[in-house]
Amino acid sequence: MITVHHLTNSRSHRVLWLLEELVLPYQLVVHQRDPRTLRAPMALRAVHPLGKSPVIVDEGRVIAESGAIIDYILTRYGEGRLAPLAGSEDGLRFTHWLHHAEGSGMPPLLLKLIFRDLPARVPFPIRPVARAITAATQRVLVDPQLKLHADYWEAELGECPWFAGREFTAADIQMSYPLEAFAARAGMVDAYPNILSFLARIRARPAYQRAIERGGPLTPP
Ligand SMILES: N[C@@H](CCC(=O)N[C@@H](CS)C(=O)NCC(=O)O)C(=O)O
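Caption draft 1: Fine view of the site of the ligand. Ala40, Lys52, Ser53, Glu65 and Ser66 are the nearest of the 13 residues found near the ligand. One of the backbone N or O atoms of Ala40 is found 2.9 Å from an oxygen atom in the ligand. Note that an oxygen atom of the ligand is positioned 2.4 Å from one of the side-chain N or O atoms of Ser66. When the residues that make up the shell around the ligand are grouped by side-chain class, the tally is 3 nonpolar, 3 polar and 7 charged.

Caption draft 2: Seen up close, the sheet that holds strand β3 (residues 55–58). An order of β2-β1-β3-β4 is seen for the 4 strands of this open sheet, with the pairing classed as mixed. Each edge of the open sheet is held by one strand with a lone partner, namely β2 (26–31) and β4 (61–64). Pairs of neighbouring strands in the sheet enclose a mean axial angle of 20 degrees, with direction left out of account. The sheet contact formed by β3 and β4 spans 4 bridges and is antiparallel. Pairing of Val55 across the sheet is with Ala64, part of β4.

Caption draft 3: A look at the domain arrangement of the chain. Each assigned domain of the chain is listed with its residue range as follows: domain 1 (2–82) and domain 2 (89–205). The distance between the C-alpha centroids of domain 1 and domain 2 comes to 21 Å. Contact with domain 1, which involves 14 residues of that partner, is made by 17 residues of domain 2. Regarding the contact of domain 1 and domain 2, the summed buried area is about 1,300 Å², with carbon and sulfur atoms giving 60% of it. Counting across the domain 1 and domain 2 interface gives 3 salt bridges. Residue Glu102 pairs with Arg11 through a salt bridge whose shortest N-O separation is 3.0 Å. Linking domain 1 to domain 2 there are 5 residue pairs in polar contact (both at pLDDT 80 or more). Going through the elements one at a time, α1 (13–21) and α2 (66–77) are the ones with two or more residues in the side of domain 1 that touches domain 2.

Caption draft 4: A look at unusual backbone geometry. Each neighbour pair has its own omega, and for Ser53 with Pro54 the value is 10 degrees, a cis peptide bond. By the secondary structure assignment, Pro54 is in the loop between β2 and β3. The phi torsion at Asn9 lies on the positive side, around 50 degrees, for a residue other than glycine. Mapped onto the elements, Asn9 comes out in the loop between β1 (2–7) and α1. Residue classification places Asn9 among the buried residues on the basis of a relative accessible area of 19%. A positive phi angle is found at Val23, which is not glycine, with a value near 55 degrees.

Rules behind the numbers
- Residues numbered from 1 in each chain as written.
- Predicted model: local features only at pLDDT ≥ 70, side-chain atom pairs only at ≥ 80, totals over all residues.
- Heavy atoms only, no water.
- Near = heavy atom within 4 Å.
- Polar contact = N/O pair within 3.5 Å; in protein donor to acceptor, adjacent residues only side chain to side chain.
- Nonpolar A, V, L, I, M, F, W, Y, C, P; charged D, E, K, R; others polar.
- Pairing = 2+ DSSP bridges.
- Helix = DSSP H or I, 4+ residues; strand = E, 2+ residues; numbered from the N terminus.
- Axes fitted to C-alpha atoms, helices over the stretch in contact; angles between N-to-C directions.
- Domains from an automatic or database assignment.
- Contact = heavy atoms within 4.5 Å.
- Buried area = accessible area lost by both parts, 1.4 Å probe.
- Salt bridge = Lys/Arg side-chain N within 4 Å of Asp/Glu carboxyl O.
- Buried < 20%, exposed > 50% of the residue type's maximum accessible area, 1.4 Å probe, protein only.

This is the structure we're talking about:
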C-alpha cells in the first residue's frame, strides 16, 4: 500500500486528493509544520534528503516531487483514469500543465511569499528599509509576473473548463495548488472569474473534500 508523507496545509493535499479520486487505499503519515517558520519537521529528512512534502513510499521506492508522484500513481494504478490518451492533443496539454504547475506557476508565488513576509522577520530597526525594498520588488518584479501567469490561466480556462480539455484530469489536481496559492496571496483573484470558477468546482468535488478530512485544511499562507 502507498504511504503518503503529508505536510499539513501544503502541496501534498494534491496527492491525497488524487488517491481519493482513484479510490486507492493509502497509509497517511502526517507531519506538522513549524507554526513560526512554516518549515517541515526534521523527521521528513529521514524519508527523503530534501525533507519536503509530498513524498510517497511504495514497494520500497521513495518518490518525491508532486508531478513525478502523480505520474507514478497514474502509470502504476490509474488504469487510464484521470489522464488523456498519451500523444493526443489533450495528452500534450496534460503534460504541459503537469510540469507548468511547479516549473513556472509556483516560482512567482514563492517570491511573493518571501517578499511579503520578509520585513516581519528582520531585526526591528531595519524593518522600514526592508519594507520599502520588498514593496518595490513586489510592485516592479513579482506582481507583474503573477499577473502574467494568472492572465494565461484565465485565458486557458476560458477555452476549456479544465486545463487538459473538456474532462477533469490529474493536471487539474496538479494545477490546483498554484491557483489556491494565487487566490490566497496575490490579492488580485477577484479580477479572474474563470480561476474563481475553477476553484469553486474543484473544492466541491467529494474526493477533494475527503482529502481535506484526512489531511486537514488547505489555506496556503
Ligand atoms: N516542487 C516540489 C516542492 C516541494 C515543497 O517545497 N514542499 C513544501 C510544502 S508546500 C515543503 O515541504 N515545505 C517545507 C520546507 O521546505 O521545510 C513538489 O511539488 O513536490
